[in-house]
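# Breakdown of the fold
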Amino acid sequence: MHSAIRTKLSIMMFLQYAIWGSWGVSMGSYMAVTLKFTGVEIGNIYSTTAIAAMISPLFIGILADRLFATEKLIAVLHLIGAGLLYYAANTPGFSDLFGVMIAYAICYMPTLALTNSISFANMEDPEKDFPLIRIFGTFGWIAAGLAVSFVLTQFNKDAEVSKLPIYMAAFFSVLLGLFSFTLPHTPPKGKTDSTDKPKGKSVLQLLADPSFLVFVVCSFLICIPLSFYYGFGNIFLGQIDAPAPTGLQTIGQISEIFFMAAMPFFILRLGVKKMLAIGMLAWVIRYVCFSTLSLPYVVFGLVLHGICYDFFFVASQIYVDKRADDSQRASAQSFIAFITLGVGMYVGALVGGMTKDHYKPEIQVTNVIVQEGKTEETETPLPNWDIKKEAKEGEEQEPVTGIAKTLGLDKTSSIKIEQITEDVVISDGDVKTSLKKESFIAALKNADSDKNGEVNRAEWRVAQRDQWIWIWLLPGIGAGVTLLIFLVGFKDTISTKEEELIAEGSSSQASTGDQKTSSSNEDS
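The text that follows walks through the structure, step by step, so that each part is easy to find.

## Looking at the overall build of the chain
Helix and strand counts for the chain come out as 22 helices and six strands. Once local pairs closer than 6 in sequence are excluded, the contacts in the chain between residues at least 24 apart make up 78%. Surface exposure of the chain reaches about 22,800 Å², of which carbon and sulfur atoms provide 61%.

Take a look at the structure:
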């Protein structure tokens, strides 16, 4: 391949995944902390990519294969997407944001396949060239996560729960849209000869095989717990005060790189069935680690991403590739992508949202909210402590807000329960919130873990947490049940000789795996 073409395709891949990595990880925290969305609302926003994954194949093939040059289609979709992202960053209401994000996902999700397509169309040796180009997509995702945690926070310490990452995604989208006009010209192939009809097995014929049917069902089921991590992982890390949550999550992508490289070794020695089973088991272990709420175990759970993703999804794509006849491979892979990244991730996003709302913080306080002349009494978790960062030498001290301002607290202070003699009023602009005395005292007593009559900031932060033990154990149990169904119902029909042949080319399969399924929300 010509070096100039290689460079352009590598830059394209880097920007393609830097876009998704910019907003896809941290947006959950932005919606939860800043926009105050419920779990169901957050789940619905994240379901937009799954909706797009289900409907975009209905039109993108016609546009790319028959009507428009691929590079121009990529450019237009990203430029439109940039405008939609900018609008999304300035859309605080759920209904409007949901509509905008559906429109954006319909623009973005097809570009995952299009960037894959334009790469293959301009390679002489795809098995050799594509992995070296596709890996830049993973680098782009990692770079975006690190930029959110360590660059944007230099401008705004609360960047990870702000709209800034969405603006960054819009900026990258503009860059890729303009850059795409310089990509190699890849014209549409034209209409397919109507006499050239597929001769292989259809997807329905494959589903008649009980083992293949079990494989499809388990692929759908495993994507439900998978979706929990994509939608709520960043919120979880923020609530347990993990350092630089968005940057920390890039550990998963670094892990993925290493396991991709090791795929031939594992396929040859374990076989497809064991690979798939280990991938499912890794999700069980990962969620058990998360449920401990202990940072070392949580980090280990993040490291498991390489096994969770590569062992199941890459191995499943290899399995489908071997089971389908040559003329039906594309259709079979598209069907699996529809089942997993479409239907499975959509159901998972909704179930995850409902689960998070059900297991909200146990400690609630009655408060009266006065806004624009309207008064509302409701039960909510403890409000944010809101201690601003300490000023560096020569800098002006940032103002203290929230409960800290009301009660005159700093990071080392404690709230003495005996000092609460009346309702506590917190002012935030035009909104006034009154914490009812009796309810607030009861909440403080529950939050006082060492029972010394006062609550420090660490105890307060723990009391604010959702019930993450159950939020993670439930999908872990779901992954375990899926694993049992798979072990009982799936019979591996690929021979050892075939596995040796698979292993020879699985390095490229591993690197292209998430592309063949239109990528995971975290390729993250």
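There is more to say, and it comes next.
## Brief notes about the pattern of salt bridges
A complete count under the given rule lists six salt bridges for this structure. The salt bridge partner of Lys356 is Asp466, with a shortest N-O separation of 3.1 Å. Here the residue Lys356 occupies a position in helix α17 (residues 329-358), and Asp466 occupies one in the loop between α20 (457-464) and α21 (468-489), the gap between them amounting to 110 residues. Residue Asp466 is classed as buried on the basis of its relative accessible area of 8%. With a closest N to O distance of 3.6 Å, Lys436 and Asp423 form a salt bridge. Of this pair, Lys436 sits in the loop between β5 (431-435) and α19 (437-447) while Asp423 sits in the loop between β3 (414-416) and β4 (424-428), placing them 13 residues apart in sequence. Owing to a relative accessible area of 31%, Asp423 belongs among the partly exposed residues under this scheme.

## Quick word on the nonpolar core
Grouped together as the largest cluster of nonpolar side chains are 117 residues, with contacts concentrated most on Trp23, Met27, Met31, Leu97 and Phe215. Ranked by size, the runner-up nonpolar core spans 22 residues in total, among them Ile403, Leu407, Ile420 and Val424.

## A few points about the packing of aromatic side chains
Centre distance and the angle of the planes are the two values used to describe a pair of aromatic rings. Enumeration over the complete set of coordinates arrives at 33 aromatic pairs. When the centroid spacing of 5.2 Å and the interplanar angle of 70 degrees are considered together, the rings of Tyr319 and Phe490 count as edge-to-face. Placement of the pair is Tyr319 in helix α16 (residues 305-323) and Phe490 in the loop between α21 and α22 (496-516), with a sequence separation of 171 residues. Each member of the pair, Tyr319 as well as Phe490, carries the same accessibility label: buried. Ring geometry for Phe440 and Trp460: centres 6.2 Å apart, planes at 80 degrees, overall edge-to-face. Here Phe440 is found in helix α19, whereas its partner Trp460 is found in helix α20, with 20 residues between them in sequence. Of the two residues, Phe440 and Trp460, both sit in the buried class. An aromatic cluster of three or more residues is present, and its members are Tyr229, Tyr230, Phe236, Trp283, Tyr287, Phe290, Trp468 and Trp472. Taking the ring centre of Tyr17 as reference, the NZ or CZ of Arg134 above it sits at 4.2 Å. Its guanidinium or amino end placed over the ring of Tyr229, Arg286 lies 4.1 Å from that ring's centre, counting from NZ or CZ.

## Brief notes about the environment of Ala147
Along the polypeptide, Ala147 turns up in helix α7 (residues 126-150). Distance in space between the C-alpha atoms of Ala147 and Gly247 is 7.6 Å, their sequence separation being 100 residues. Here Ala147 is in contact with Leu152 and Met168, once residues within four sequence places are set aside.

## Digging into the environment of Asn456
You can see Asn456 is positioned in strand β6 (residues 454-456). For the pair Asn456 and Lys416, spaced 40 residues apart in sequence, the C-alpha separation works out to 8.8 Å. In this view, Asn456 contacts Trp385, Ser413 and Ser414; residues no more than four positions away in its chain are not counted. Reaching out from Asn456, the side chain makes a polar contact with the backbone nitrogen of Ala458 at a distance of 3.2 Å. There is a polar contact of 2.8 Å between the side chain of Asn456 and the backbone nitrogen of Glu459.

## Here's the deal with the sheet that holds β4
Overall, antiparallel pairing links the four strands, which are arranged β2-β1-β5-β4 in an open sheet. Strands with a single pairing partner mark the edges of an open sheet, and in this sheet they are β2 (374-381) and β4. Taking each pair of neighbouring strands and ignoring which way they run, the sheet shows an average axis angle of 25 degrees. With eight bridges joining them, strand β1 (residues 364-371) and β2 adopt antiparallel strand pairing. Bridging across to β2, Thr366 finds its partner in Glu379. Here α19 sits on the sheet in contact with β1, β4 and β5, set at roughly 140 degrees to β1.

## Concerning the environment of Gly39
Its place among the elements puts Gly39 in helix α3 (residues 39-55). Note: C-alpha distance between Gly39 and Gly352 (313 residues apart in sequence) is 7.5 Å. Apart from the residues within four sequence positions on either side, Gly39 is in contact with Phe232, Gly353, Lys356 and Asp357.

## Description of the packing of helix α14 (residues 263-291) against α16
Across the interface, α14 lies against α16 with an axial gap of 7 Å and an inter-helix angle of 125 degrees. Judged by the angle between their axes, α14 and α16 are oblique. The handedness of the crossing between α14 and α16 comes out as left-handed. Classifying every residue of the contact of α14 with α16 gives 19 nonpolar, three polar and two charged.

Quick notes on the rules
Residues numbered from 1 in each chain as written. Predicted model: local features only at pLDDT ≥ 70, side-chain atom pairs only at ≥ 80, totals over all residues. Heavy atoms only, no water. Helix = DSSP H or I, 4+ residues; strand = E, 2+ residues; numbered from the N terminus. Contact = heavy atoms within 4.5 Å. Areas by Shrake-Rupley, 256 points an atom, 1.4 Å probe, with all protein chains shown as cover. Salt bridge = Lys/Arg side-chain N within 4 Å of Asp/Glu carboxyl O. Buried < 20%, exposed > 50% of the residue type's maximum accessible area, 1.4 Å probe, protein only. Core = buried A, V, L, I, M, F, W, Y, C linked by side-chain atoms within 4.5 Å. Phe/Tyr/Trp six-rings, centres within 6.5 Å; stacked < 30°, edge-to-face > 60°. Lys NZ or Arg CZ within 6 Å of the ring centre and 35° of its normal. Polar contact = N/O pair within 3.5 Å; in protein donor to acceptor, adjacent residues only side chain to side chain. Pairing = 2+ DSSP bridges. Axes fitted to C-alpha atoms, helices over the stretch in contact; angles between N-to-C directions. Parallel < 35°, antiparallel > 145°, perpendicular 65-115°, else oblique. Left-handed = near helix turned anticlockwise from the far one by under 90°. Nonpolar A, V, L, I, M, F, W, Y, C, P; charged D, E, K, R; others polar.

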